[in-house]
Amino acid sequence: FPPAVFPLSCAVQSYSWGKVGMGSEVAKLLASSDPLIQIQPDRPYAELWMGAHPRGDAIIRDNRIPQKTLGQWITDNPACLGAKVKDAFQGCLPFLFKVLSVNTALSIQAHPNKELAAKLHAQFPEHYPDTNHKPEMAIALTPFEGLCGFRPVEEIVSFLQSKDGNGGWLRAEQLERSGSDDPRGVSAALRVCFTRLMKSEKKFFVDQLNMLVKRISQEVAEGKDTSGSNGALLLRLHSQYPGDIGCFTIYFLNLVRLEPGEAMFLGANEPHAYLHGDCVECMACSDNTVRAGLTPKFIDVLTLCEMLNYTPAPSSSKIFPATQSQLDPSVYLYDPPVPDFAIMRIEIPPSIKLYLVSAVDSASILLVIQGTAVGTSTAAASEMTLRRGSVLFISANESISLHLSSPDGMLLFRACCLL
C-alpha cells in the first residue's frame, strides 16, 4: 500500500494586507517547520493554504509517493476521503484549511449561498469562478478583530445621530421607527439605510467621511474619549483606505474581538471583514466573494446589498462555541451548521507523553501550532518529526501516535469533514 499519512509543504499567499516578515504568524510557522526557508523581512506573509486548491495545491513531502501534490494524490486515491465524503463531494476534498496573518483590513464582503453562486457564476464567470457556497470559520491564534453581521438597531441609530448628526444624510428615521416588535420591518429598514449608504455618490460620501475624520482627529488631539463614535477604528481604517465607503460600515456592523481559541462562523450572506490578528480558518472550496469596500478589487455593491442577511444581533452572538469531546478531553470541536468542514482544537497537556490522534471517517489535515513530537502510523512510510508549523495529511480511518518530546504539551488544529 502507498503511505496514506504524509507531511505536506503548503502554499503561501503574499497578499498586500498580510503581516510582514517575521511579524506574521504564517512566516513564523514556515520558518519553524523548515529551517531552510528564508523569510524575507519586507514581504507580506498573508495566508498559508493547506489543501488541494488549484491555485495553491500542497506539495507531498514523501519521496516514496509518485504524485507531487495533494490534489493529484486525492484524484488517484479518492478512497482516502472516506466513502461518505467521496460520494457527497464528487471525489474532492471539500474544504480548504488556512492560517491568516492580517495586518490591514480585508474587504467588506459576503459569500453567496449555492443558489446565488450558481446564478452569479452563470452571469459573471470572470468574477464568480464557481457554483459553490463559501461558508468560513475563523479561530483566533492571537487576539483577533473583525467586523461581522449587523449591530443591534439601537447601536446603529445612536451612531448615526451622534454629536452633530453626521449620519443625518442617511435618513435613519425609518430605522429608528422600526420598533423591535416587527423583525421583518427592522430588516427592511436596515436594508434601505445600508443600501443608501453603499450606493451614495462618491464625492458626497468622501466629504462626509472627511468631516467625520477631521472631527474625530480633533477630539483625539484634545484628549477626548472617542470610543462612542468608534474613533480609533475609523482613523485606522481611513489611514489604510482613505476615502473608502467601507470606513462607514463600522457603524453598521459588529466589531467582534476574539481571544485565542475563540471562533466566529460566517455563513452565507453574512457581511464581514477581518481587521487584524492571526487565525486558522477553514472554508468550503470556493472562490466566490462579493465585495463592496476596503479593497482595490472588483466591487459589486448591488449584489452585496441585495444578498445580505439584515438580521441585527449583538456582537456576543457572533462568537461560535467549541464543545469539549466526551471521549477525549484534549479535543474541542467547532462543528458549524454546514456539511463541508469541522475543526478540532487539540490541546495535549504536558503530563501526556503518548497521544493518539484518533481515526475519523474523513480525510483530515493536521497543523502543529506548538510543541514537538515524533509521529508514527501504520499508514505512514516512516516516523514523522512534528514541530511548530508541521502539516500532515491523514487519510480517512487512519490514526497517528504522537510521542511528545516538548515539556509544555502540544497545540494542534485538525480540519476534517464530519458527515
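Residues numbered from 1 in each chain as written. Predicted model: local features only at pLDDT ≥ 70, side-chain atom pairs only at ≥ 80, totals over all residues. Heavy atoms only, no water.

## Some details on the environment of Ile299
Inference 1: Mapped onto the elements of the fold, Ile299 is located in the loop between strand E12 (290-291) and helix H10 (301-307).
Inference 2: Expressed as a C-alpha distance, the spacing of Ile299 and Ile108, which sit 191 residues apart in the sequence, is 9.6 Å.
Inference 3: Those residues in contact with Ile299 that lie beyond four places of it in its chain are Arg291, Ala292 and Gly293. (Helix = DSSP H or I, 4+ residues; strand = E, 2+ residues; numbered from the N terminus. Contact = heavy atoms within 4.5 Å.)

## Brief notes about the UniProt feature "domain: Phosphomannose isomerase type I catalytic" (unreviewed entry) in the protein
Inference 1: Sites flagged by UniProt as "domain: Phosphomannose isomerase type I catalytic" (unreviewed entry) map to residues 5-153.
Inference 2: Helix makes up 22% of residues 5-153 and strand 24%, whereas the separation of the span's terminal C-alpha atoms amounts to 50 Å. (UniProt positions renumbered as here; feature names shortened; annotations may be inferred.)

## Details of the packing of aromatic side chains
Inference 1: For the structure on display, the rule yields 11 aromatic pairs.
Inference 2: Here the aromatic rings of Phe150 and Phe194 are separated by 5.1 Å at their centres, their planes lie at 85 degrees, and the arrangement is edge-to-face. Here Phe194 lies in helix H7 (residues 183-198) and Phe150 lies in strand E8 (residues 144-150), a separation of 44 residues in the sequence.
Inference 3: Members of the aromatic cluster, connected to one another through ring pairs, are Phe150, Phe194, Phe252 and Tyr310.
Inference 4: Over the face of the ring belonging to Tyr15 we find Lys297, whose NZ or CZ atom lies 5.7 Å from the ring centre.
Inference 5: For Arg345, the ring lying beneath its charged end belongs to Tyr332, and the centroid distance is 4.3 Å. (Phe/Tyr/Trp six-rings, centres within 6.5 Å; stacked < 30°, edge-to-face > 60°. Lys NZ or Arg CZ within 6 Å of the ring centre and 35° of its normal.)

## Side note on the nonpolar core
What tends to happen in soluble globular proteins is that the nonpolar side chains get buried as a cluster.
Inference 1: Leu147, Leu175, Phe194, Leu197, Leu234, Phe248 and Phe252 are the most contacted members of the largest nonpolar core, which totals 53 residues.
Inference 2: It is H7 that provides the largest number of residues to this core, a total of 7 residues.
Inference 3: Sequence-distant contacts of Leu197, defined by excluding residues within four places in its chain, comprise Trp169, Leu170, Ile245, Phe248 and Phe252.
Inference 4: Grouped together as the second largest cluster of nonpolar side chains are 47 residues, Ile65, Trp73, Phe95 and Ala263 included. (Core = buried A, V, L, I, M, F, W, Y, C linked by side-chain atoms within 4.5 Å. Buried < 20%, exposed > 50% of the residue type's maximum accessible area, 1.4 Å probe, protein only.)

## Here we look at helix H5 (residues 153-160)
Because each turn of an α-helix spans 3.6 residues, side chains separated by three or four positions end up pointing in the same direction.
Inference 1: Those residues of H5 that sit buried are Val153, Ile156, Val157, Phe159 and Leu160. Each buried residue of H5 sits inside an arc of 160 degrees when the element is viewed along its axis, so together they form one side.
Inference 2: Here the buried face of H5 lies against helix H6 (173-177) and H7. (Arc of directions from axis to C-beta.)

## Description of the pattern of salt bridges
Inference 1: Following the criterion strictly, the structure yields 14 salt bridges and no others.
Inference 2: Look at the salt bridges and you will find they share partners, linking Glu145, Arg236 and Arg257 into a network. (Salt bridge = Lys/Arg side-chain N within 4 Å of Asp/Glu carboxyl O.)

## Observations regarding the UniProt feature "domain: Phosphomannose isomerase type I helical insertion" (unreviewed entry) in the protein
Inference 1: According to UniProt, the feature "domain: Phosphomannose isomerase type I helical insertion" (unreviewed entry) maps to residues 183-253 in the numbering used here.
Inference 2: Measuring from the first to the last C-alpha atom of residues 183-253 gives 17 Å, for a span that is 65% helix and 1% strand.

## What to know about helix H8 (residues 202-221)
Inference 1: With 20 residues, H8 should cover 28 Å at 1.5 Å per step; its first-to-last C-alpha distance of 28 Å lies within 8% of that length.
Inference 2: Three or more residues of H8 are buried, namely Phe205, Val206, Gln208, Leu209, Leu212, Val213, Arg215, Ile216 and Glu219.
Inference 3: Gly223 lies just past H8 and shows a positive phi near 75 degrees. (Expected span 1.5 Å × (residues − 1).)

## Comments concerning the sheet that holds strand E14 (residues 323-324)
Inference 1: Strand order in the open sheet made by the 8 strands is E4-E1-E21-E18-E23-E16-E15-E14, with antiparallel pairing throughout. Edge positions in the sheet fall to strand E4 (59-60) and E14, since each of these pairs with one other strand and no more.
Inference 2: Across 2 bridges, strand E1 (residues 5-9) lies against E4 in antiparallel orientation. The partner of Ser9 across the bridge, within E4, is Ile59. (Pairing = 2+ DSSP bridges.)

## Structural notes on the side chain of Ser200
Inference 1: Here Ser200 is to be found in the loop between H7 and H8.
Inference 2: Exposure remark for Ser200: the relative accessible area of 16% places this residue in the buried category.
Inference 3: For Ser200, the side chain forms a polar contact with the main-chain oxygen of Leu197, separated by 2.7 Å.
Inference 4: Not counting chain neighbours up to four residues away, the residues in contact with Ser200 comprise Trp169, Phe205 and Ile245. (Polar contact = N/O pair within 3.5 Å; in protein donor to acceptor, adjacent residues only side chain to side chain.)

## Side note on the pairing of strand E16 (residues 342-348)
Inference 1: The element E16 is largely enclosed, with a buried count of 6 among its 7 residues.
Inference 2: Relative to E16, strand E15 (residues 331-334) runs antiparallel, the two sharing 4 bridges. Pairing of Tyr334 across the sheet is with Ile343, part of E16.
Inference 3: With 7 bridges joining them, E16 and strand E23 (residues 410-416) adopt antiparallel strand pairing. Bridge assignment links Glu347 to a residue of E23, and that residue is Leu411.

## With respect to the packing of H8 against helix H9 (residues 231-240)
Inference 1: The N-to-C vectors of H8 and H9 enclose an angle of 125 degrees; their axes lie 10 Å apart at closest approach. One element, H8, and the other, H9, form an angle in the oblique class. In the packing of H8 onto H9, the handedness of the crossing is left-handed. Seen from H8, the contacting residues are Leu209, Asn210, Leu212, Val213, Ile216, Ser217 and Val220; seen from H9, they are Gly231, Leu234, Leu235 and His238.
Inference 2: For the contact of H8 with H9, the per-class residue count stands at 7 nonpolar, 4 polar and no charged. (Axes fitted to C-alpha atoms, helices over the stretch in contact; angles between N-to-C directions. Parallel < 35°, antiparallel > 145°, perpendicular 65-115°, else oblique. Left-handed = near helix turned anticlockwise from the far one by under 90°. Nonpolar A, V, L, I, M, F, W, Y, C, P; charged D, E, K, R; others polar.)

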